[in-house]
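# A structural walkthrough
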2 protein chains.
Amino acid sequence: MTETIHRAHNFNAGPAGLPLEVMQQAQAELLDYKGTGMSVVEMSHRSKEFEGMITEAEADIRELLNIPASYKVTFMQGGASLQFSMIPMNFRAPGASADYIVTGAWSKKALGEAEKLGAARVAASTKAGNFDRVPDSLDLDPKAAYLYYCSNETIHGVEFFQEPEAPAGVPLVCDASSDFMSRPLDISKYAYLYAGAQKNVGPAGVVIGILREDMLERVPENMPVMLDYKVQATEKSLYNTPPSFSIYMVGLVMKWIKKNGGLAGIEARNKAKADLLYSAIDASGGFYKGHAQPESRSRMNVTFRLPSEELEAQFVSEAKKLDMIGLKGHRSVGGLRASIYNAVELSDIEFLVQFMKEFQTRNG
Amino acid sequence: MTETIHRAHNFNAGPAGLPLEVMQQAQAELLDYKGTGMSVVEMSHRSKEFEGMITEAEADIRELLNIPASYKVTFMQGGASLQFSMIPMNFRAPGASADYIVTGAWSKKALGEAEKLGAARVAASTKAGNFDRVPDSLDLDPKAAYLYYCSNETIHGVEFFQEPEAPAGVPLVCDASSDFMSRPLDISKYAYLYAGAQKNVGPAGVVIGILREDMLERVPENMPVMLDYKVQATEKSLYNTPPSFSIYMVGLVMKWIKKNGGLAGIEARNKAKADLLYSAIDASGGFYKGHAQPESRSRMNVTFRLPSEELEAQFVSEAKKLDMIGLKGHRSVGGLRASIYNAVELSDIEFLVQFMKEFQTRNG
C-alpha cells in the first residue's frame, strides 16, 4: 500500500510534515475512533475517550521530557502570538520590567507585545548581523520579572544549544515552538516553556505550555479567563472546548517519538540530517552560503543563499518540479530555507543534497 | 462500503457529529490533498492551496448567509470564551457600559468576563425560571456600547427565533455558536456575530466572526495582537498560523450545506427533526417533560426530564447500549438533552423517539 501514496519532500517551515505512520493512523481512525462510532472531532471533550487521549498525551510529554511533578502541562489555543501577550500579562507585575533576548523575528515580535503592555528591556540583540547568531553576552537586569528568549528562530535559522543563564531568582521563559521535542531538554532550567505544535509535534491550533507551579502565584486577579494560566492549569486545559483534533495528533506524534528512541533518538536523527545538509553547503566552495554562523546553525531551519537571486528562484522552481516543497526563504533573509523538522527523513535530505550538487554542476 | 462503517447516533452537545460524507472526504484527502503529496495539516498556511481553501470557505459562508460587502469574515482561535473578553476589549470604550441579555450559562459567562474589565448591565435575565425561556421584555440602555445576547443556549435548550431589538445606534452582538448555519439569518441586523465551529459547522478549534466594518473604528490602539479584531480582519485571519484543519473542515461543511438546499433546506430539515422530538415529548402524557417553554424551545438542544432521576439514569444507560451517545443533560438542568445539530439525521431522531416510546411502555 505505502508505495502508492504520493508524499512530497516536505521542507515547509510550518505547518510542516508529520510522520507518515502517524498520518496513516489518523486516517484509519478518522471515521470511527476505536469502535466508538465517532471521529475524534465528533466526540465530547468531557467523554472518557477524549479525557483518556489528553491525559495520555500529557503523560507521554512528561515522560519524554522528564518533567518534574512541580510543573503543569497545558494545551492552549491562539498560537505563540497569543503567548507573547499572555506572558507579560501573567508574569510581570505592574511597574516591573522583563528582559528579552532578540535573535530574530519571533523574539522581536514577543518583545513588541510585551512593550505594548508595560516595561521591557533588550538583554541582547543580534540584529546588527541580520540575526545570524545567538548572542555572545547578555546585559541582564537582576530584578527582571523574567528573562525571555526563543530557542530557535525559524526565519533566520539560528538556534540556542545552551540555555541563556538568567540571574539568580529571575525566571527563564522560552518560546520553543520550532525545536520542541527535537532533542532532550532540561526542563528544570525553565520557569515556563511553550511551543506551538505545528513544527515538530502536530497540526496547527494548539500550543503546549510547561509551567513551573510557583509562577502561578504571579497571575493577577480578574484576568480574561482564556488568558489566565491559572485557569488553564487548574482546569487541565478543559475550561472550554479544546482543539481536540490537534491534541489527539500531538498524542500520536508522542507515541512515534517514543518508538523512535525518545528524544535522544530523535536528536541523533535530527543531527545527522542537519550535518548532511550543512556539510553539503560547506563543501560547495562558496556556491551555497549559510546565513547563520556555524556555532548558531539551527538543526531545524537551514537558511542559505546562492550566488544570485535569479539562481535562487531557479533552484526553488526546479526543486518544486522534483516535489521538494517549501524551500523558498523568508523575504527578510532571502535565498533558501530547508526546514527539516522531526518528520523529515534523512532520505529527503539526501535527495535535496543530490539535487544541490547537480544544480551546482549545471550552474556553478 | 458505507454499510460497514460504524456510526453512533451522536447526540453530543459539542463537539458534535459531522456529516458522514464530509468525514469521508476528509479521510480520503487526509494523506494527500489534491495531489500535493501533503495533508492539509502539513501545508503552509501561505501556500496557494491553503489560501484557496480559506478564501473559498469564506466565500461560501458569505453566499449562504448573504453577507453584505460591508462585513468582514474572520477565523479565530480561543473559542467563544475568548470572544467573551475580546468583545468588551474591542467594542466598549473606557467608561462606557454594555447591555447583556442573560438566558443561560453562556450569556452569563459572557457577562462575567465583561464585568471583569468594565461596566456591564443586565438588560434581561430569565434566571428566575432556571433559564427556561427567552425574555418577554428588555430593559435597555440607549447609550449602551452594544447589546449582547446568545441566540441559543445549549445547556438550557432555549433559542431566540427573533433578534432582540436594540435601541437605535446600539450595535447588536450575538454569540451564535450553537445555532449558526442551522437556519437563515439576517446579518444586516448584527454589528458582530460569532460562532465556535464545533456544533453545526466543523471541529473544535476555530471561531467564525462576522463583523460590520464600522465596528473596527472602536478598536483601541495597542491591543494584544491576537485579541485585536482589526488585525484579524486586516490580515484575513492569517496574522499567524491559523487552525488550518478546522478551517478546511468548515469549508467542507459549507459545501455540504449548499448541496442540501442551503440554509432554507437545512432549516426545514432541522425543524422537522425538532418537531418530531418535541411532539414525542408532548405526546407522552407528562412522562417526558420539556425544560424550555414551548415558544423558546431550541431546535438544537432538546432538554427534558423524566419522572425520576433513577429513570433518567436508566434511560441514558439503556440508550447508550443502543449506540445513542451524549443524552445525559448538564447537571445545572438535570435530566436529558438531545443535541440535534445539522449533521444529526431524521432517522437518528426516529430511532430515539421509538426508544422513548418503548422506554415509557416499560417504565411508565
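In the block above lies the structure referred to throughout.
Analysis parameters
Residues numbered from 1 in each chain as written. Chains lettered and ligands numbered in written order. Predicted model: local features only at pLDDT ≥ 70, side-chain atom pairs only at ≥ 80, totals over all residues. Heavy atoms only, no water. Contact = heavy atoms within 4.5 Å. Buried area = accessible area lost by both parts, 1.4 Å probe. Salt bridge = Lys/Arg side-chain N within 4 Å of Asp/Glu carboxyl O. Buried < 20%, exposed > 50% of the residue type's maximum accessible area, 1.4 Å probe, protein only. Helix = DSSP H or I, 4+ residues; strand = E, 2+ residues; numbered from the N terminus. Pairing = 2+ DSSP bridges. Expected span 1.5 Å × (residues − 1). Arc of directions from axis to C-beta.

## Observations regarding the interface of chain B and chain A
Taken together, the contact between chain B and chain A spans 59 residues of the former and 58 residues of the latter. Interface area for chain B against chain A, summed over the two sides, is near 4,800 Å², with a carbon-plus-sulfur share of 59%. Of all residues in chain B, the largest losses of buried area upon contact with chain A belong to Gln27(B), Leu31(B) and Glu42(B), amounting jointly to 14% of the total for that side. Run the count over chain B and chain A and you get two salt bridges. Taking the shortest distance from any N to any O, the salt bridge between Glu42(B) and Arg7(A) comes out at 2.8 Å.

## What about the pairing of strand β8 (residues 172-175) of chain A?
Every regular strand shows the same layout, with side chains that alternate between the two sheet faces. All names here are of chain A. Side chains of β8 alternate between two faces, with Leu172 and Cys174 and Val173 and Asp175 buried alike. With four bridges joining them, strand β5 (residues 147-150) and β8 adopt parallel strand pairing. Paired with Cys150 across the strands is Asp175, a residue of β8. Relative to strand β9 (residues 192-196), β8 is paired through three bridges, and the arrangement is parallel. Counterpart to Asp175 in the pairing with β9 is Tyr194.

## Some points on helix α2 (residues 48-65) of chain B
Each α-helix turn comprises 3.6 residues. Residues three or four places apart therefore point the same way. All names here are of chain B. If you check α2, its first and last C-alpha atoms are 26 Å apart, about what 18 residues at 1.5 Å a residue would give, namely 26 Å. Buried within α2 are the following residues: Phe50, Met53, Ile54, Ala57, Asp60, Ile61, Leu64 and Leu65. Taken end-on, α2 shows its buried residues confined to a sector of 125°, consistent with a single buried face. Summarising the geometry of α2, the exposed residues directed more than 90 degrees from the buried face are Lys48, Thr55 and Glu63. Buried residues along α2 sit in contact with β2 (71-76), β10 (207-212), α6 (244-259) and α7 (262-282). Residue Asn66 follows α2 closely and has a positive phi angle near 55°.

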